[in-house]
Amino acid sequence: MAIRVGVIGTGAIGQDHIRRFSQALSGAVVTAVSDIDDVRARKVAKDIGGRAAATGRELIAADDVDAVVVTSIGSTHEEYVLAAIAAGKTVFCEKPLATTAAACKRIIDAEVKHGKRLVQVGFMRRYDAGYRMLKNAVTTGRIGTPLMAHCAHRNPAVGDNYTTDMAITDTVIHEIDVMRWLLDDEYVSAQIIYPKKTSKASSHLADPQIVLLETSSGARIDVEVFVNAVYGYDIQCELVGETGIARLPEPSNVLMRSQGQLGVEILTDWKQRFIGAYDVELQDWINAVTAGKATGPSSWDGYAAAVTADACVKAQITGKIVEIKLGEKPALYR
Ligand SMILES: NC(=O)c1ccc[n+]([C@@H]2O[C@H](COP(=O)([O-])OP(=O)(O)OC[C@H]3O[C@@H](n4cnc5c(N)ncnc54)[C@H](O)[C@@H]3O)[C@@H](O)[C@H]2O)c1
């Protein structure tokens, strides 16, 4: 029987995930939705033949909801994830798990007390076919021990409300998670370097930035984050190992001979780049819920990302190398 899913937050990604559950994935049906914007929730509910719950908390407690998806704004995630744990329901929470490391720790404590993993965090890059090939190159030993990684995260442009710290908390947060997963290692320090600023960035935004991360085994990761790069949405990652190099494949696209040129179109929309990964991620979650356990990126991964992002933001402000300390990983996540 299909699991009955309740979705809290019917904004952009919430509606996108609801479409996935309804049209692309199998084994789940969205029975209830909720949003602080009541009109929006009722419209989405009508479109899918479900119901609009009065509040997120009512949705979590409801008998017609087996598992919860949290796609509301980041500042609301802690409350809803804690309520889902208290109700003993599996919950998929879009990134960030919570907006502070302390809030992520409260979620970990609640889940550990519950005694079973219930939470999966929406770090979808782990489900991208290219990143999975990179992971395979590492785990099969084909490039030897990884020593360095060179990454780039480029967007064509950002709105005027995008601030310097958001380059970390909204953008590099994905590299922070996926590089930990690729290298199977924790970070010990972060540093930020500011290259020459692009004239395309607003006056309050430092763009581009270079984020330097060091892991406990001594591997070094550099991430160029450049959110007004104009030409397209471009994600690059190259791992340098002791015996070889592995590079993230380019998204597949038509090879064109046209107007005297041979070329491939560059993506401009991030949604297109990871569209397949979201499908795999949520199907994996449905399968895990059906099997009675959460298996994907955990609360610990959400916490590790939050601690690392905090260190990066501190490094932005101080210009110093900032130490990253996670503390003891609970047995539940080992
Ligand atoms: N994994 C990814 O790549 C990815 C991509 C996009 C967004 N996200 C994350 O998903 C979340 C939502 O992003 P979005 O782009 O859909 O934003 P959005 O602004 O389009 O939608 C957020 C929705 O939350 C609702 N909301 C606000 N307060 C609420 C509350 N207290 N209770 C219930 N609903 C509430 C808003 O009314 C809105 O409909 C964010 O945390 C964002 O970081 C992740």
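Note that the structure is predicted; figures quoted are calculated from it, not measured.

Cut-offs used in this document
Residues numbered from 1 in each chain as written. Predicted model: local features only at pLDDT ≥ 70, side-chain atom pairs only at ≥ 80, totals over all residues. Helix = DSSP H or I, 4+ residues; strand = E, 2+ residues; numbered from the N terminus. Rg over C-alpha atoms; globule rule 2.2 N^0.38 Å. Buried ≥ 20, exposed ≤ 12 C-beta atoms within 10 Å, placed from the backbone. Contact = placed C-beta atoms within 7 Å. Domains from an automatic or database assignment. Nonpolar A, V, L, I, M, F, W, Y, C, P; charged D, E, K, R; others polar. Pairing = 2+ DSSP bridges. Axes fitted to C-alpha atoms, helices over the stretch in contact; angles between N-to-C directions. Parallel < 35°, antiparallel > 145°, perpendicular 65-115°, else oblique. Core = buried A, V, L, I, M, F, W, Y, C linked by C-beta atoms within 7 Å. Near = placed C-beta within 6 Å.

### Notes on the overall build of the protein chain
Then, in step 1: When its secondary structure is counted, the protein chain shows ten helices and 15 strands.
Then, in step 2: A globule of 334 residues ought to have a C-alpha radius of gyration of about 20 Å, and the protein chain, at 20 Å, matches this closely.
Then, in step 3: Its C-alpha atoms give the protein chain principal-axis dimensions of roughly 55 × 55 × 45 Å.
Then, in step 4: Here the protein chain holds 334 residues, and 42% of them are scored as buried.
Then, in step 5: For the protein chain, the proportion of contacts with a sequence separation of at least 24, taken over those separated by at least 6, is 71%.

### Comments concerning the domain arrangement of the protein chain
Then, in step 1: Splitting the protein chain by domain gives domain 1 (3-125 + 276-297) and domain 2 (129-268).
Then, in step 2: Domain 1 and domain 2 are separated by 28 Å when their C-alpha centres are compared.
Then, in step 3: Taken together, the six residues of domain 1 in the interface contact six residues of domain 2.
Then, in step 4: Here the residues of the side of domain 1 that touches domain 2 sort into three nonpolar, one polar and two charged.

### Quick notes on the pairing of strand β8 (residues 187-193)
Then, in step 1: By the bridge criterion, six bridges tie β8 to strand β9 (residues 209-215) in an arrangement that is antiparallel. Its bridge partner being in β9, Gln 191 is matched across the sheet by Leu 212.
Then, in step 2: Pairing of β8 with strand β15 (residues 322-323) involves two bridges; the strand directions are antiparallel. In the strand pairing of β15, Ala 190 is matched with Val 322.

### A short note on the packing of helix α4 (residues 77-86) against helix α5 (residues 101-114)
Then, in step 1: Look at α4 against α5: their axes get within 10 Å of each other, and the N-to-C directions meet at 5 degrees. Taken together, α4 and α5 sit at an angle that is classed as roughly parallel. Counted together, Glu 78, Val 81, Leu 82 and Ile 85 of α4 and Ala 103, Arg 106, Ile 107, Ala 110, Glu 111 and His 114 of α5 form the full contact between these two elements.
Then, in step 2: A class-by-class count of the residues in the contact of α4 with α5 yields six nonpolar, one polar and three charged.

### Observations regarding the sheet that holds strand β12 (residues 245-247)
Then, in step 1: Pairing in this open sheet of seven strands is mixed, and the strands run β12-β11-β7-β10-β9-β8-β15 from one edge to the other. At either margin of the open sheet sits one strand with a lone partner, and together these are β12 and β15.
Then, in step 2: Two strands pair when backbone bridges link them, and strand β7 (residues 146-154) and strand β10 (residues 220-226) are joined in this way by seven bridges, in the parallel orientation. Paired with His 153 across the strands is Val 225, a residue of β10.

### Description of the nonpolar core
Then, in step 1: Counting residues in hydrophobic clusters, the biggest one holds 91 residues, and the most contacted among them are Val 81 and Val 91.
Then, in step 2: Top element by residues in this core is helix α10 (residues 299-318). It accounts for ten residues.
Then, in step 3: Counting residues domain by domain, this core receives three or more from each of domain 1 (3-125 + 276-297) and domain 2 (129-268).
Then, in step 4: For Val 81, the contacting residues outside a window of four places in its chain are Val 70, Val 91, Cys 93, Leu 97, Ile 107 and Val 119.

### Side note on the site of the ligand
Then, in step 1: By nearness alone, 21 residues border the ligand, and Gly 11, Ala 12, Ile 13, Ser 72 and Glu 94 come closest of all.
Then, in step 2: With three residues, helix α1 (residues 12-24) is the largest single contributor of residues to the shell around the ligand.
Then, in step 3: In terms of residue class, the shell around the ligand is made up of six nonpolar, ten polar and five charged.

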